[in-house]
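# Breakdown of the fold
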Amino acid sequence: MRIGIKYCGGCNESYRRDRIEEVLKREFKDFQFSYSNCADLLICISGCKKGCSAEKASGNLIHFDEWVGEERIIKDVKAKLSELLRS
Amino acid sequence: MRKNFHLIAKSAQDINTSRGVFHGDSIMMNGKQYIESLRKLKPRIYFMGKRIESVADDPMLAPHVNAAAMTYELAFDPRYEDIMTATSHLTGEKINRFTHIHQSTEDLVKKVRMLRLLGQKTGSCFQRCVGCDAINALYITSYEIDKKYGTDYHERVREYVKYVQKNDLMAAGAMTDVKGDRSKRPGQQLDKDLYLRVVEKREDGIVVRGAKAHITGAVNSHEIIAMPTRALEADEKDYAVAFAVPVDAEGITMIFGRQTNDTRRLDGDIDCGNAKYATVGGEALIIFDDVFVPWERVFMCGEYEFASQLVEVFATFHRQNYGGCKVGVADVLIGATANIAEMQGIAKASHVIDKITEMIHLAETCWCCSLACSYEGYRTPSGAYMPNPLLANVTKLNITRFPYEWSRIAQDITGGIVITLPSEKDYRNPATRALIEKYLKGVAEVPTEHRMRMIRLVENLSIGAELPESMHGAGSPQAQKIMIARRSNLEMKKELAKVIAGIKPDEHFRKIRGVSEEEFFARFR
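Rules of the game
Residues numbered from 1 in each chain as written. Chains lettered and ligands numbered in written order. Predicted model: local features only at pLDDT ≥ 70, side-chain atom pairs only at ≥ 80, totals over all residues. Heavy atoms only, no water. Helix = DSSP H or I, 4+ residues; strand = E, 2+ residues; numbered from the N terminus. Rg over C-alpha atoms; globule rule 2.2 N^0.38 Å. Buried < 20%, exposed > 50% of the residue type's maximum accessible area, 1.4 Å probe, protein only. Contact = heavy atoms within 4.5 Å. Pairing = 2+ DSSP bridges. Axes fitted to C-alpha atoms, helices over the stretch in contact; angles between N-to-C directions. Buried area = accessible area lost by both parts, 1.4 Å probe. Salt bridge = Lys/Arg side-chain N within 4 Å of Asp/Glu carboxyl O. Polar contact = N/O pair within 3.5 Å; in protein donor to acceptor, adjacent residues only side chain to side chain. Nonpolar A, V, L, I, M, F, W, Y, C, P; charged D, E, K, R; others polar. Left-handed = near helix turned anticlockwise from the far one by under 90°. Phe/Tyr/Trp six-rings, centres within 6.5 Å; stacked < 30°, edge-to-face > 60°. Expected span 1.5 Å × (residues − 1). Arc of directions from axis to C-beta. Parallel < 35°, antiparallel > 145°, perpendicular 65-115°, else oblique. 1 Å grid on protein atoms, 1.4 Å probe; cavity = no way out; pocket = protein on both sides within 12 Å on 5 of 7 lines; lining within 4 Å. Points joined across faces, edges and corners; volume = space filled by probe spheres on them.

### Let's talk about the overall build of chain B
- When you go through chain B residue by residue, the secondary structure sums to 19 helices and 14 strands.
- Its C-alpha radius of gyration of 26 Å places chain B within 12% of the 24 Å reference for a compact globule of 525 residues.
- Judged by the C-alpha coordinates and their principal axes, chain B covers about 90 × 75 × 55 Å.
- Going through the 525 residues of chain B one by one, you find that 56% of them count as buried.

Below, the structure written as structure tokens:
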């Protein structure tokens with residue numbers, strides 16, 4: 001399964017956005033990551049609540065616009081992946 | 001104790017009946033109807049040692065009433081309809097935008113466009129934004145409280161907003177407590193009433209006691225919406241209270257504040273500078289002396305951990321405004337200054353052109369800030385939109401500074417006459433009129449009276465209450481500094497600097513040059 005990562009411009013990021021990517025790549029080693037929209041699951045990472053990274057995104061996606069903690073990131077992605085595998 | 005609570009609803013129905021003739025099934029009031037609606041209320045207001053009998057008719061309050069009336073009147077002007085009105089997401093009806101819950105960033109932008117327009121039309125504060133910000137802040141925060149506690153505050157807020165929209169009410173947003181000893185928290189004050197608090201909980205509602213200070217437009221509003229003023233802790237639950245009451249609810253007393261030169265309103269229309277719409281909003285101290293609030297009008301009661309969120313959301317909305325309204329007022333001051341330059345024959349001097357351009361630059365910078373925080377706004381879980389908090393605070397912080405500078409330039413160009421001009425009474429006195437006409441003449445084609453009126457307008461807008469209002473309205477500068485510091489990511493900026501300075505690796509450099517930074521610069525060492 002392919003996981004796409006899409007960042008916003010980060011003009012005024014309220015947290016270090018690439019921490020989310022670090023967590024994903026560490027926890028979901030078996031998945032193929034790319035910075036492409038052509039993916040089974042798209043992870044949109046925005047630096048603030050404006051949420052630019054998800055503005056034009058569609059399909060299967062998870063949007064992070066604040067640092068929610070490693071546990072929550074892993075939980076949300078696992079839940080979405082399970083949902084996708086079931087469907 | 002509750003006898004006055006439904007007075008507004010009854011009044012509004014009466015108004016509805018009469019205005020059907022003019023506006024079909026519109027639920028909005030026009031300016032005249034708004035003023036008429038105030039005559040049906042009986043708030044307890046004191047000013048200069050006397051009780052105010054009629055808010056709508058008292059000469060000291062009338063200009064503030066007129067400014068607020070403009071928010072109603074322009075909603076019926078087809079030229080401004082798109083900016084001044086909105087469609088309620090709750091009822092689908094056309095409403096005055098001041099009663100709207102913002103549903104998009106476009107709504108946020110239209111709000112600041114509306115504020116600039118009203119600043120231009122009144123040259124003053126029209127007061128109604130505070131209530132608009134209060135309902136939006138409560139709409140957003142009550143949703144969060146309910147999510148955590150399973151309470152029904154959000155539904156109460158929605159019902160209240162419908163009531164405000166249906167009756168086109170003006171609500172005063174009351175946040176600032178009187179605070180007493182600022183080194184002590186609410187619960188540590190010797191007098192516990194120095195922060196508004198719940199003193200009794202009953203089956204049918206709560207009883208509150210305390211006071212709110214500097215409340216804009218309070219005397220000529222229909223409703224008061226009270227909110228906490230600061231972050232609170234677990235032992236301060238009684239202070240975590242938000243609610244709405246009619247202005248004439250039993251137990252409410254208002255003491256209207258003085259302004260510089262305010263009694264000039266009793267001396268004619270020239271000396272005021274802006275006799276029709278006054279200066280800033282007209283602020284009052286509101287005392288809540290054991291005021292009963294029924295549960296359906298209570299929007300927070302004890303959820304202390306949401307007090308800071310409510311304050312922050314409200315402050316974000318209110319700080320967004322200032323690059324709208326104050327820039328509208330600045331447009332009037334810039335125009336007045338340019339008129340003065342022409343009337344005094346200095347309009348073509350290069351330094352005057354440069355200074356007026358500087359005023360425009362300062363004003364438009366603030367406008368950019370208001371637009372930016374609106375366009376960068378976002379949808380909250382409640383569905384309502386709010387502006388970008390960082391940029392809204394930057395907007396307001398600029399307003400604590402730039403109006404001082406554009407006012408300084410206005411005074412510079414106007415000259416010393418801005419504080420030495422003879423009074424209207426001397427101008428009207430046959431013994432001195434001809435002397436004033438002759439010796440205060442500027443260029444030949446402009447009547448002396450016009451020059452006098454323009455000088456007084458510059459005085460009104462650049463001296464007096466306008467400047468401290470820019471400083472402290474929507475929070476004093478340090479409040480914005482705290483928010484800016486909290487909301488900007490200094491660590492990120494430090495990392496950026498380390499990469500540029502060559503302390504940390506630059507992930508893009510190798511791709512650009514095909515070699516590492518070290519290899520690249522080794523060639524030049």
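### Overview of the environment of B:Gly324
Residue and element names in this part refer to chain B.
- Take glycine 324: it is sitting in helix α8 (residues 307-343).
- Considered as a pair, glycine 324 and isoleucine 334 are 10 residues apart in the sequence and their alpha carbons are 15 Å apart.
- If sequence neighbours within four positions are ignored, glycine 324 has contacts with Val112, Leu115, Arg116, Trp367 and Ser370.

### What to know about the sheet that holds strand β8 (residues 223-226) of chain B
Residues and elements named next belong to chain B.
- Spatially, four strands are ordered β5-β8-β9-β12 in an open sheet, and the strand pairing comes out mixed. Each end of this open sheet is capped by a strand with a single partner; those strands are β5 (171-174) and β12 (298-301). Between one strand and the next, the sheet's axes are offset by a mean angle of 20°, whatever the strand orientation.
- One ladder, built from three bridges, connects strand β9 (residues 241-246) with β12; its direction is antiparallel. The residue of β12 that forms the bridge with alanine 242 is methionine 300.

### A word on the environment of B:Pro381
Residue and element names in this part refer to chain B.
- Relative to the helices and strands, proline 381 is located in the loop between β13 (378-379) and β14 (385-386).
- Here the alpha-carbon distance between proline 381 and proline 403, two residues 22 residues apart in the chain, equals 36 Å.
- Setting aside anything within four residues of it in sequence, one finds proline 381 in contact with Tyr143, Glu144 and Lys147.

### What to know about the interface of chain B and chain A
- Listed as interface residues are 10 residues of chain B and, on the opposing side, 10 residues of chain A.
- The three residues of chain B that bury the most area against chain A are B:Tyr378, B:Asn489 and B:Met492, which together make up 49% of that side's buried surface.
- Our count for the contact surface shared by chain B and chain A stands at zero salt bridges.
- Joining chain B to chain A, the criterion identifies two residue pairs in polar contact (both at pLDDT 80 or more).
- Tallied by class, the residues present in the side of chain B that touches chain A amount to four nonpolar, four polar and two charged.

### Focus: the packing of α8(B) against helix α14 (residues 448-462) of chain B
Residue and element names in this part refer to chain B.
- Put simply, α8 and α14 touch, their axes get as near as 9 Å, and they point 140° apart. Viewed along their axes, α8 and α14 form a crossing whose handedness is left-handed. Residues Val329, Val332, Leu333, Ala336, Thr337, Asn339, Ile340 and Met343 of α8 form the contact with α14, whose own contacting residues are His450, Arg451, Met454, Ile455, Leu457, Val458 and Leu461.

### Here we look at the packing of aromatic side chains
All names here are of chain B.
- Enumeration over the complete set of coordinates arrives at 15 aromatic pairs over all chains.
- Between phenylalanine 509 and phenylalanine 521, the ring centres sit 6.0 Å apart and the planes meet at 25°, which makes this aromatic pair stacked. In this pair, phenylalanine 509 sits in helix α18 (residues 509-513) while phenylalanine 521 sits in helix α19 (residues 517-522), placing the two residues 12 residues apart along the sequence.
- In this structure phenylalanine 521 comes out as partly exposed when scored by relative accessible area, which is 39%.
- Aromatic side chains phenylalanine 520 and phenylalanine 521 sit 5.0 Å apart centroid to centroid with 90° between the ring planes, which places their arrangement in the edge-to-face category.
- Within the aromatic cluster, the residues linked to one another by ring pairs are Phe509, Phe520, Phe521 and Phe524.

### A short note on helix α11 (residues 402-414) of chain B
Residue and element names in this part refer to chain B.
- For α11, which comprises 13 residues, the first-to-last C-alpha distance of 18 Å matches the rise-based estimate of 18 Å (1.5 Å per residue) to within 8%.
- Of all the positions in α11, only Phe402, Pro403, Trp406, Ser407, Ile409, Ala410, Ile413 and Thr414 are classed as buried. The buried residues of α11 occupy an angular sector of 155° when projected down its axis, which confines them to one face.
- Contacts from the buried residues of α11 go to α8, α9 (350-375), α10 (389-399), α14 and α15 (466-472).

### Describing the packing of helix α2 (residues 31-39) of chain B against helix α3 (residues 62-73) of chain B
All names here are of chain B.
- The contact between α2 and α3 brings their axes to 7 Å, and the two run at 130°. Compared by their axis directions, α2 and α3 come out oblique. At the point where α2 passes α3, the crossing takes the right-handed sense. Here Gly31, Lys32, Tyr34, Ile35 and Leu38 of α2 come into contact with α3, specifically with Val65, Asn66, Ala68, Ala69, Tyr72 and Glu73.
- For the contact of α2 with α3, the class distribution of residues is seven nonpolar, two polar and two charged.

### A word on the layout of surface pockets
Residues and elements named next belong to chain B.
- Counted as a void, the largest pocket has a volume near 1,500 Å³.
- Lining the largest pocket are 50 residues, with Thr176, His472, Ala474, Gly475 and Ser476 positioned closest to its centre.
- Residue contributions to the lining of the largest pocket peak at 11 residues, all from α8.
- Per-class residue counts for the lining of the largest pocket are 23 nonpolar, 16 polar and 11 charged.

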